[in-house]
Amino acid sequence: MDFNAIRFDGRGLVPAIAQDARTGAVLMLAYMNAESLRLTLETGYATYYSRSRQTLWKKGETSGHVQRVVSVDYDCDGDALLLRVVQEGPACHTGAYTCFHNALRAPSEGESSPGPQVLQDVYAVILDRMQRPQEGSYTNYLLDKGVEKIAKKVGEEATETVIAAMKGSKAELRSETSDLLYHLLVLLAQQGVTPDEVWAELGHRR
């Protein structure tokens, strides 16, 4: 990276956006100075600058929720950075997968739906279970059984979704659809396919 291309502000800082390289979800916004950017590039792990403490901090140094950096890009003006990272555990100090987990309410429209972000969040949890298995986890049970078991569950949940629709029960349809989507996400993760790839495929069909 040509540091001369980066336009640090009057405080010597530049905003840095962290994006999950696996799911495409935006995880957090922090700031970097030249030293933290240099350390990030040298170590391969995200290091930021704390404006409140006025010191460098490595993401996850105490929590273990580190960010392994896949790539660092800067925008056309050189005044913002985009880090694509492999996030270990949640990115937010609240324990949420992403810091951007609060939906704004549109005054005339009421609560906005979380939409695809929920699927991204669930997919991220599945990936975390793949990397750090937990005893008693149903997700890990499915992953341990392999593609045949997971695919069978997808088929079962698809059938139950159809039955719920034929019965005309909206409550059952919501429940069975949720089960189907979850098992589909497990199948995608097991096969190495991301939700973003599915969104892109759907986009091509519009």
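Here the structure is shown first, and the text comes after it.
Since we're looking at a predicted model, the values are computed, not measured. (Residues numbered from 1 in each chain as written. Predicted model: local features only at pLDDT ≥ 70, side-chain atom pairs only at ≥ 80, totals over all residues. Heavy atoms only, no water.)

1. Some points on a nonpolar patch on the surface
Okay, so step 1: A surface patch of nonpolar side chains, about 350 Å² in accessible area, is lined by Ile17, Val26, Leu29 and Phe100.
Okay, so step 2: Looking at Ile17, the relative accessible area reads 33%, which means it is partly exposed. (Patch = residues over 30% accessible without salt bridge, like charges linked within 9 Å, V, L, I, M, F, W, Y side chains within 5 Å. Areas by Shrake-Rupley, 256 points an atom, 1.4 Å probe, with all protein chains shown as cover. Salt bridge = Lys/Arg side-chain N within 4 Å of Asp/Glu carboxyl O. Buried < 20%, exposed > 50% of the residue type's maximum accessible area, 1.4 Å probe, protein only.)

2. Quick look at the packing of helix H2 (residues 116–131) against helix H6 (residues 195–204)
Okay, so step 1: Between H2 and H6, the least distance of the axes is 10 Å, while the angle of their chain directions is 145°. In this structure, H2 contributes Pro116, Leu119, Gln120 and Tyr123 to the contact, and H6 contributes Pro195, Asp196 and Trp199.
Okay, so step 2: Considered class by class, the residues forming the contact of H2 with H6 number 5 nonpolar, 1 polar and 1 charged. (Axes fitted to C-alpha atoms, helices over the stretch in contact; angles between N-to-C directions. Helix = DSSP H or I, 4+ residues; strand = E, 2+ residues; numbered from the N terminus. Contact = heavy atoms within 4.5 Å. Nonpolar A, V, L, I, M, F, W, Y, C, P; charged D, E, K, R; others polar.)

3. Notes on the layout of surface pockets
Okay, so step 1: What the largest pocket holds in volume is close to 510 Å³.
Okay, so step 2: Contributing to the lining of the largest pocket are 21 residues, with Met28, Ala30, Arg53, Trp57 and Lys59 lying nearest its centre.
Okay, so step 3: For the lining of the largest pocket, the secondary structure elements donating two or more residues are strand S2 (26–32), strand S3 (47–50) and strand S4 (55–58).
Okay, so step 4: A per-element tally of the lining of the largest pocket places S2 first, with 4 residues.
Okay, so step 5: For the lining of the largest pocket, a count of residues per class yields 10 nonpolar, 6 polar and 5 charged.
Okay, so step 6: By volume, the second largest pocket is sized at about 150 Å³.
Okay, so step 7: Every residue lining the second largest pocket is listed: Asp20, Arg22, Gln87, Gly89, Pro90, Tyr97, Ala124, Val125, Asp128 and Arg129.
Okay, so step 8: Tallied by class, the residues present in the lining of the second largest pocket amount to 4 nonpolar, 2 polar and 4 charged. (1 Å grid on protein atoms, 1.4 Å probe; cavity = no way out; pocket = protein on both sides within 12 Å on 5 of 7 lines; lining within 4 Å. Points joined across faces, edges and corners; volume = space filled by probe spheres on them.)

4. Considerations on the sheet that holds strand S5 (residues 67–74)
Okay, so step 1: Strand order in this open sheet of 4 strands is S2-S1-S6-S5, and the pairing throughout is mixed. The open sheet has two edge strands with one neighbour each: S2 and S5. Adjacent strand axes in the sheet meet at a mean angle of 25°, parallel and antiparallel pairs treated alike.
Okay, so step 2: Across 5 bridges, the pairing between strand S1 (residues 14–20) and strand S6 (residues 81–87) is parallel. Bridge pairing in S6 places Asp20 opposite Val85. (Pairing = 2+ DSSP bridges.)

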